[in-house]
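# Coordinate inspection notes
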Amino acid sequence: MIALLDANNFFVSCERVFRPDLMNKPVAVLSNNDGCLISRSNEVKALGVPMGAPYFKYKEILKDHNVAIFSSHFTLYGDMSGRMMDLIDSLVPRIEVYSIDEAFIDLSGVRDIEALCNHIRNLIWRSLGIPTSIGIAKTKTLAKVANHYAKRVPAFKSICYLKEDPRVDQALKLLSVGEVWGIGRQITKKLEGQGILTAYDLKRVDPRCMRQNFNVVGERIVRELNGVSCLELEDIEALKKSTQVTRSFSKTITELDELRSTIATYATRLGQKLREQGLVTKNVMVCIRTSKFRASDPQYANSHTMVLPSFVGQEGQLDLFSRHVEEPFQSEKLWEALDLVNKRYGRGTVFSAACGKGLTWKDQKKHLSQPYTTSWHHLPLVFAK
DNA sequence: TCTGGGGTCCTAGGACCC
DNA sequence: TCTGGGGTCCTAGGACCC
């Protein structure tokens, strides 16, 4: 059996840990630059504010309902996520960290599955103050279905175990096909056109037909719905295959020089990310595009990929800027020092000339919470009477 | 005025090689 | 009239996920 553990409204829950006064009150977390809503408490969902909604369009409604707003604070969420994953990992044979707030858990060999899952939930709640839901079934795709019900049906008390077939089928019949993991908007449209409306209908499709009409991904989904595992738990140590830094600029850029220095500034962050994660790369791609929301303006999008000359050995980092690749050791030390300086004295303390003056604007983050778990200066104070 | 950011996998087609 | 077969690698684009 496989379990999928998922934190409820994760970013909102992280903020609430340090603001217990907001428990059971409406809370929302915004995306970068305070652009969209990316996490909503149940109270906000009940107001009908959709996921990904642009903040400025819903500002009034949110204000009218006294919704507490937070700017995104990814160092906090990342840290809380790491703690949560460590807790799970300490209790089970094997996990796959699937996203910042989700993990698949291998339950093979576990005797009392429900007891273990209860224990995991309680431990995370007691240690971190994060509420979670767990779905359990034979395959990843079915565990996702189970999790869907664990979150929505109060009678399950946040744990839904889809053990035997009549129960699985019942769950699938009540689930629309578009809610199946891996079935997105485009495929939903096509399937519905063929009269396949529920997850149960999809389960009954011939997997080979699915492969012909769609692709091997669709075939796997059908098999997984039938209890045949096609998606193994993946090695969480596996190396990342790509990494990126992308931004929507909060200011329109019209001058080439400014675009150059902006891209150089973000390229610098990408370099830091690579070094932090111990990654090396052969290709670097830069993309730019105009704002798709200004439909009346002429649109432009382009990208360029550069193949870098060589690796400098497994231990070292690829030197992005120097042509003297024959001196990897020196540049490695140099970057190490630069990273340290920038870490201690703030991003952009030392930078390459290509960055010019760096960014000529600041990202909007009007509602940022304190770095409670990642800075000694911001440890919450507790007073006892 | 204001609309996120970071990933994965699959497929088709072209270039090139023997 | 008729023009092989089997590979690899790369790119672009599409679809999906959180």
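Within any chain, residue numbers begin from 1 and follow the written order of that chain's sequence. For naming, the first written chain is A and the first written ligand is 1, with later ones following in the order written. In keeping with the model being predicted, local features are shown solely for residues with a pLDDT of at least 70 and side-chain atom pairs are shown and tallied solely at 80 or more, while totals for entire chains, interfaces and linings include all residues. Only hydrogens and water are set aside when side-chain values are computed; all heavy atoms of the structure are taken into account.

### Concerning the overall build of chain A
A count of helical and extended segments in chain A gives 13 helices and ten strands. Taking the principal axes of its C-alpha atoms as reference, chain A extends roughly 65 × 65 × 50 Å. When a residue's accessible area, from a 1.4 Å probe over protein chains only, is under 20% of the maximum for its type it is buried; when over 50% it is exposed; and in between it is partly exposed. Counting every position in chain A, which comprises 385 residues, the buried fraction comes to 39%. In chain A, the proportion of contacts linking residues at least 24 apart, taken out of those at least 6 apart, comes to 60%. Per-residue and other accessible areas were derived by the Shrake-Rupley procedure at a 1.4 Å probe size, with only the shown protein chains allowed to occlude residues. Surface summary for chain A: the accessible area is close to 23,600 Å², and the carbon and sulfur share equals 53%. Charged residues are defined narrowly, with Lys and Arg counted positive, Asp and Glu counted negative, and His plus the chain ends left uncounted. Each charge is placed at NZ for Lys, CZ for Arg, CG for Asp and CD for Glu. For chain A, the centre of its 53 positive side-chain charges and the centre of its 42 negative side-chain charges are spaced 5 Å apart. Segments assigned H or I by DSSP are reported as helices when at least four residues long, segments assigned E as strands when at least two residues long, and all are numbered from the N terminus. Residue contacts are counted whenever heavy atoms from the two residues lie within 4.5 Å of one another.

### What about the sheet that holds strand β2 (residues 27–30)?
A sheet is described by the order of its strands in space; here three strands give the open sequence β3-β2-β4, paired in mixed fashion. Where the open sheet ends on each side, the last strands, each with one partner, are β3 (37–40) and β4 (68–70). For this sheet, the mean inter-axis angle between neighbouring strands, taken without regard to orientation, is 25 degrees. Bridge count between β2 and β4: three bridges; the pairing is parallel. For A28, the partnering residue across the bridge sits in β4 and is I69. DSSP-based pairing: two strands are paired if at least 2 bridges between them are found. Each axis is a line fitted through C-alpha atoms, and for a helix only the stretch in contact is used; angles between axes span 0 to 180 degrees, taken between their N-to-C directions.

### Side note on the protein's contact with DNA strand B
Only a single heavy atom is needed: when it lies within 4 Å of a molecule or strand, its residue is near that molecule or strand. Near DNA strand B, the surroundings consist of 22 residues, among which S31, K240, Q244, T246 and S248 are the closest. Polar contact is defined as a pair of N or O atoms within 3.5 Å, subject to the rule that within protein one atom must be able to donate a hydrogen and the other to accept it, and that residues adjacent in sequence are counted only when both atoms are side-chain atoms. A distance of 2.8 Å is found between a phosphate oxygen of DNA strand B and a side-chain nitrogen or oxygen belonging to N32. For DNA strand B, a phosphate oxygen lies 3.1 Å from a polar atom in the side chain of R220. Sorting elements by how many residues they give to the surface near DNA strand B places helix α11 (residues 216–225) first, with three residues. When grouped by side-chain class, the residues that make up the surface near DNA strand B number eight nonpolar, eight polar and six charged. Throughout this entry, Asp, Glu, Lys and Arg are counted as charged residues, while Ala, Val, Leu, Ile, Met, Phe, Trp, Tyr, Cys and Pro are counted as nonpolar. The remaining residues, Gly among them, count as polar.

### Points about the domain arrangement of chain A
By the assigned domains, chain A splits into domain 1 (1–163), domain 2 (165–237) and domain 3 (239–385). One C-alpha centre belongs to domain 1, the other to domain 3; they are set 29 Å apart. Counting from both sides, the interface comprises 18 residues of domain 1 and, opposite them, 16 residues of domain 3. Accessible-area loss on putting two parts together, using a 1.4 Å probe and summing over both, is the definition of buried area adopted here. In this assembly, domain 1 packs against domain 3 so that about 1,400 Å² is buried in total across both faces, 49% of it on carbon and sulfur atoms. Within this document, salt bridges are pairs made up of a side-chain nitrogen of Lys or Arg and a carboxyl oxygen of Asp or Glu, the two lying within 4 Å of each other. There are zero salt bridges connecting domain 1 and domain 3. What fixes the domain bounds is an automatic or database domain assignment.

### Digging into the side chain of D101
Structurally, D101 can be placed in the loop between β5 (94–99) and β6 (102–106). With sequence-adjacent residues up to four places away left out, D101 is seen in contact with L5, D6, A7, F10, M84 and M85.

### Some thoughts on the pairing of strand β1 (residues 2–7)
Most of β1 is tucked away, with six of its six residues classed as buried. Taking every second residue as pointing to the same face, both faces of β1 are buried, with I2, L4 and D6 on one and A3, L5 and A7 on the other. In this sheet, β6 lies alongside β1 in antiparallel orientation, the contact comprising five bridges. Its bridge partner lying in β6, L4 is registered against F104.

### Describing unusual backbone geometry
Despite not being glycine, N24 shows a phi value in the positive range, around 65 degrees. Tracing the sequence through the fold places N24 in the loop between α1 (10–17) and β2. For N24, a relative accessible area of 64% corresponds to the exposed category. The phi angle at S158 is positive, at roughly 75 degrees, despite the residue not being glycine.

### A few points about helix α6 (residues 140–152)
The terminal C-alpha atoms of α6, which comprises 13 residues, lie 19 Å apart, in line with the 18 Å expected from a rise of 1.5 Å per residue. The buried count for α6 comes to eleven of 13 residues, which makes it a mostly enclosed element. Residues of α6 that are buried: K140, T141, L142, A143, K144, V145, A146, N147, H148, Y149 and A150. Multiplying 1.5 Å by the helix residue count minus one yields the expected span of that helix.

### Brief notes about the environment of I88
As for its placement among the helices and strands, I88 is situated in helix α4 (residues 74–89). Look at I88 and you get buried, because its relative accessible area is 0%. A C-alpha to C-alpha distance of 8.4 Å links I88 and I105, two positions 17 residues apart in sequence. With residues up to four places along the chain from it excluded, the contact list for I88 reads L5, I95, A103, I105, I120 and I124.

### Focus: the protein's contact with DNA strand C
Residues in close proximity to DNA strand C total 14 residues, the closest being D101, E102, K144, G182 and I187. Here DNA strand C approaches the protein such that, of its atoms within 4 Å, sugar and phosphate make up 100%. In this structure, a sugar or linking oxygen belonging to DNA strand C sits 3.4 Å away from a side-chain N or O atom of W181. Taking Q186, its main chain carries an N or O atom lying 3.2 Å from a phosphate oxygen of DNA strand C. For the surface near DNA strand C, the secondary structure elements donating two or more residues are β5 and α8 (185–193). With three residues, the single largest contributor to the surface near DNA strand C is α8.

### Observations regarding the confidence of the model for chain A
Here chain A averages 91 in pLDDT, while 95% of its residues score no lower than 70. A residue's pLDDT is the predictor's confidence in that residue, given on a scale from 0 to 100. Scored below 50 in pLDDT, residues 312–325 shows 23 contacts in the model against residues more than four places distant or in partner chains.

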